Amino acid sequence: MSTPPPGTRVRFEHVSKSYGHVAVLHDIELEAPGGMTTCIVGPSGSGKSTLLRCANLMERPQAGRILLDDLDITAPGVNIDKVRTRVGMVFQHFYLFSHLSVLDNVSLALRKVRSMQRDQAEAVARAKLLAVGLNGLEGRRPADLSGGQQQRVAIARSLAMEPEVMLFDEATSALDPELVKGVLAVMRDLARAGMTMIVVTHEMRFAREVAGQVVFVDSGRILEQGPPDDFFDHPRHPRLRHFLEQVL
Ligand code: ADP
Ligand code: MG
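In short, a report on the structure. (Residues numbered from 1 in each chain as written. Chains lettered and ligands numbered in written order. Predicted model: local features only at pLDDT ≥ 70, side-chain atom pairs only at ≥ 80, totals over all residues. Heavy atoms only, no water.)

Before going further, it helps to spend a moment on the overall build of the protein. Looking only at helices and strands, the protein has nine helices and 10 strands in total. The C-alpha atoms of the protein give a radius of gyration of 18 Å, which matches the 18 Å a tight globule of 248 residues would have. For the protein, the spread of C-alpha atoms along the three principal axes comes to 55 × 45 × 35 Å. For the protein, the residues scored as buried account for 51% of the 248 residues in total. Across the protein, the fraction of contacts at a sequence separation of at least 24, relative to all contacts at a separation of at least 6, is 65%. (Helix = DSSP H or I, 4+ residues; strand = E, 2+ residues; numbered from the N terminus. Rg over C-alpha atoms; globule rule 2.2 N^0.38 Å. Buried < 20%, exposed > 50% of the residue type's maximum accessible area, 1.4 Å probe, protein only. Contact = heavy atoms within 4.5 Å.)

A few words on the pattern of salt bridges. Within the structure shown, the criterion is met by 15 salt bridges. Close ionic contact of D233 with R208 constitutes a salt bridge, the shortest N to O distance being 2.9 Å. Of this pair, D233 sits in helix 8 (residues 228-233) while R208 sits in helix 7 (residues 204-210); the two residues are 25 residues apart in sequence, bridging distant segments of the chain. For the salt bridge of R236 with E224, the shortest nitrogen-to-oxygen distance reads 3.6 Å. Of this pair, R236 sits in the loop between helix 8 and helix 9 (238-247) while E224 sits in strand 10 (residues 221-226), placing them 12 residues apart in sequence. Among the charged side chains, a network of salt bridges with common partners joins R11, E13, E31 and R65. (Salt bridge = Lys/Arg side-chain N within 4 Å of Asp/Glu carboxyl O.)

For any two aromatic rings, the description comes down to two numbers: the centre-to-centre distance and the angle of the planes. Within the structure shown, the criterion is met by three aromatic pairs. Taken together, a centroid distance of 6.1 Å and an interplanar angle of 75° make the contact between F91 and Y95 edge-to-face. Looking at Y95, the relative accessible area reads 59%, which means it is exposed. Measuring from centroid to centroid gives 5.3 Å for F216 and F243, while their planes differ by 40°, and the two rings are tilted. Of the two residues, F216 is situated in strand 9 (residues 213-218) and F243 in helix 9; the sequence distance between them amounts to 27 residues. Across the pair, exposure class does not vary: F216 and F243 are buried alike. (Phe/Tyr/Trp six-rings, centres within 6.5 Å; stacked < 30°, edge-to-face > 60°.)

Below, the discussion takes up the layout of surface pockets. Approximately 650 Å³ is the volume attributed to the largest pocket. Surrounding the largest pocket, 22 residues form its lining, R84, A109, R157, S158 and M161 being those nearest its centre. Counting residues per element, the ones that place at least two in the lining of the largest pocket are helix 2 (80-86), strand 6 (87-90), helix 3 (102-112) and helix 5 (147-159). The dominant element in the lining of the largest pocket, judged by the number of residues it contributes, is helix 2, at four residues. Of the residues in the lining of the largest pocket, the class split is 13 nonpolar, five polar and four charged. Along the walls of the second largest pocket sit K181, L184, A185, R188, E203, R205, F206 and E209, which together make up its complete lining. Breaking the lining of the second largest pocket down by element, the ones donating at least two residues are helix 6 (177-192) and helix 7. The element contributing the most residues to the lining of the second largest pocket is helix 6, with four residues. (1 Å grid on protein atoms, 1.4 Å probe; cavity = no way out; pocket = protein on both sides within 12 Å on 5 of 7 lines; lining within 4 Å. Points joined across faces, edges and corners; volume = space filled by probe spheres on them. Nonpolar A, V, L, I, M, F, W, Y, C, P; charged D, E, K, R; others polar.)

The next subject is the nonpolar core. I155, M166, F168, M187, M197 and F231 are the most contacted members of the largest nonpolar core, which totals 51 residues. Among the elements that line this core, the one with the most residues is helix 6, at seven residues. The contact partners of M166, leaving out residues within four places of it in the chain, are G88, V90, I155, S158, L159, M195, T196, M197 and I198. Grouped together as the second largest cluster of nonpolar side chains are 27 residues, F12, V78, V87 and V200 included. (Core = buried A, V, L, I, M, F, W, Y, C linked by side-chain atoms within 4.5 Å.)

Turning our attention to the sheet that holds strand 8 (residues 196-200). As summarised here, the arrangement of the six strands in space is 6-7-8-3-9-10, forming an open sheet in which the pairing is mixed. The open sheet terminates on both sides in strands that have one partner only, identified here as strand 6 and strand 10. Geometrically, the sheet is characterised by an average inter-axis angle of 20° between neighbouring strands, direction not taken into account. Bridge analysis of strand 3 (residues 37-41) against strand 9 gives four bridges, and the strand direction is parallel. What sits directly across from C39, in strand 9, is V214. Contacting strand 3, strand 6, strand 7 (165-169), strand 8 and strand 9, helix 1 (residues 48-55) crosses the sheet at an angle of about 155° to strand 7. Strand contacts of helix 6: strand 3, strand 7 and strand 8, with the helix running at about 145° to strand 8, the strand carrying the most contacts. (Pairing = 2+ DSSP bridges. Axes fitted to C-alpha atoms, helices over the stretch in contact; angles between N-to-C directions.)

All we've got here are geometric facts, nothing functional implied.
Pasting the structure below:
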């Protein structure tokens, strides 16, 4: 894996978000330290996706700030496109272009957004595809790949922009069980290479192994956070204990 610039930190300060009258995030205080993986777990509908989406400005909080190192990305006048190249995001569904080859899917944004020449863009794309274990599949169409391979194309596409932070929103939840491992392995490699990551996941084993901290979100609030051993072995909040009983 290529090495990202040394650990960009993400900080949520008193972040609140509502949709209409429905409050979804309440006064979120969270630091995702540079070069570390922060895993977010919690029940469905608790606000996990909204939290991630705020971190790359797909959503805007009504209150509070989000800092990328010292840059307040929620301040007026911040260049959203620039923030999104610094903060990559991978979703449950991968949204690849079905009519384009794998190589074109990964190199397209480099040519369109970064105005790179085709040769240079393709060289970067090949390197990222190699990093996610898909070398040799550059000429394929997404439909000819497994779901796990498609998700790895989506990760390579994100990495092509050389992000400093990667957000993963249940990146393995839509995959057949036998395809999950390969995607988690890529995420683990990225974490070990020092990428700052915020990962919403139901993969508790991954969280225990890879995360520097695990965060429990319930009803839009952070109820507990800590290093994985404390979090999983000595949960304090009754809601977390109940949640872990359901999922472990
Ligand atoms: P999670 O990812 O933990 O399942 P979400 O962040 O997707 O939770 O959703 C949190 C709450 O916000 C849910 O009640 C959901 O219905 C609501 N919500 C999410 N996105 C929107 C939206 N665009 N408009 C209105 N309500 C939304
Ligand atoms: Mg979600």
